[in-house]
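# Examination of the molecular architecture
What follows is the residue order along each chain.
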Amino acid sequence: MPEVTALKVGKQLDVPQPKHAPFFKLPRNECMITVSGGGKTNAHIQTLTQPWGFAGLFDKYIVMSPNAFTDPNYKVLADYIERTTGQKKKDCFFTEWNPQVLLDTMKEMRKVNAYVRKNRKALGATRLYSCHITIDDWADRSEVSKSPNSPLIKLWTQGRHSQCSCTCLTQKFRLLHSAIRINNNSLWIGRVTSSLEAKALAEEFGAAAGSEKNFLHMLKLSTDPDFGFLFIVFGLKIRFFNSYRSEFKVSDDINGRSQRASQKSGEPQYREALEGDP
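Note that the structure is a prediction, hence the values are computed from the model and not measured.

Analysis parameters
Note that residues are indexed from 1 along each chain, following the sequence as it is written. Where totals are concerned, whole chains, interfaces and linings use all residues; where local detail is concerned, this predicted model gives features only for residues with pLDDT of at least 70, and gives and counts side-chain atom pairs only at 80 or more. Values reported for side chains reflect all heavy atoms of the structure, with hydrogen atoms and water molecules removed beforehand. By convention in these notes, a salt bridge is any Lys or Arg side-chain nitrogen within 4 Å of a carboxyl oxygen on Asp or Glu. Whether a residue is buried, partly exposed or exposed follows from its accessible area with a 1.4 Å probe, protein chains only, as a fraction of its type maximum: under 20%, in between, or over 50%, in that order. Think of a nonpolar core as a cluster: buried Ala, Val, Leu, Ile, Met, Phe, Trp, Tyr and Cys residues, connected wherever their side-chain atoms sit within 4.5 Å. Note on definitions: a residue-residue contact is assigned when non-hydrogen atoms from the two residues lie within 4.5 Å. Helix axes are fitted only over the stretch in contact, all axes being lines through C-alpha atoms; the angle between N-to-C directions runs from 0 to 180 degrees. Helix and strand labels come from DSSP, where a helix needs a run of H or I of at least four residues and a strand needs a run of E of at least two; each type is numbered from the N terminus. Should an angle fall under 35 degrees it is taken as roughly parallel, and over 145 as roughly antiparallel, whereas 65 to 115 is taken as roughly perpendicular and any remaining angle as oblique. Helix crossings get a hand from a simple test, with the near helix turned counterclockwise from the far one by less than a right angle marking a left-handed crossing and a clockwise turn marking a right-handed one. All amino acids are sorted into three groups, where Ala, Val, Leu, Ile, Met, Phe, Trp, Tyr, Cys and Pro are nonpolar, Asp, Glu, Lys and Arg are charged, and the leftover types, Gly among them, are polar.

## Here we look at the pattern of salt bridges
- Tallied over the entire structure, the rule returns twelve salt bridges.
- The shortest N-O distance in the salt bridge between Lys-88 and Glu-82 comes to 2.8 Å.
- The exposure class of Glu-82 is partly exposed, given its relative accessible area of 35%.
- We note a salt bridge from Arg-239 to Glu-247, for which the minimum N-O separation is 2.9 Å.
- On the basis of relative accessible area, Arg-239 is assigned to the partly exposed category, the value being 27%.

Structure follows, in structure tokens:
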């Protein structure tokens, strides 16, 4: 019988890639969901700046948040960005919703990387340029997260072709347009206090977890500790992680009925490297 396998396209230029699981292929789209004060900004900034995450992988950053100049957590990110890329806070942090910045950034990254690909040999290029865009606290505005014409949707559906990785921080997954929800490569879920929100998430991802009950069990185990979260990675197979430390595995009994999810620890050096983070 015929078999579908990966296409052989030869060696291609790529953006720098993370070295540690559970962080996989860049560029990627991610949503982070939890209640206000649930630790998503802290976890996001640590993920961007720490060696076990994405430190050193991006050449440019854009941060769009009403709290960009008032949240002390963002000062940590601003200092890191200036130290590693030379970008000044005033040039890459935006407190007002500015869709043109998103469109211009995607256009710039496409143009730069098209030039690199075309002149690869002359430049001696070994990689493409990579950008990270943070969208924080804008999902409650329907013109931002729900309108089919929103640049945020364009960012999620086309940004990866410009080598732009994107993270949207929000309190509710259901606030986001379906085009954003289905184009995620990973999903970070912190503590959820609304039973309706938990049920909506279980309905969305319960099948991949074996059952809605399994999903809710994993969510509770992951979010009970302070700063704990459930981390979901999408691909040919959906994988569930307890924070960044261990992976959940769903086992089947002999009759094929899905049983409660169990945890499988990561590699020892990985587990130790993340001890206490985030």
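## So, the nonpolar core
- Judged by nonpolar contacts, the single largest core of 40 residues is most densely connected at Met-64, Phe-215 and Leu-230.
- Phe-215 has contacts with Ile-189, Leu-201, Ala-202, Phe-205, Gly-206, Ala-209, Leu-230, Ile-232 and Phe-240, leaving out every residue within four places of it along the chain.
- In this structure, Tyr-74, Cys-92, Ala-125 and Phe-241 belong to the second largest nonpolar core, which totals 32 residues.

## Section: the packing of helix H1 (residues 40-49) against helix H2 (residues 72-85)
- Close contact between H1 and H2 brings their axes to 9 Å; oriented N to C, the two are set at 15°. In terms of axis orientation, H1 runs roughly parallel to H2. In the crossing of H1 with H2, the sense of the turn from one axis to the other is left-handed. Residue-level contacts link Thr-41, Ile-45, Leu-48 and Thr-49 of H1 to Asn-73, Tyr-74, Val-76, Leu-77 and Tyr-80 of H2.
- Residue composition of the contact of H1 with H2, grouped by class: six nonpolar, three polar and no charged.

Remember that the coordinates give geometry; whether it matters functionally is a separate question.
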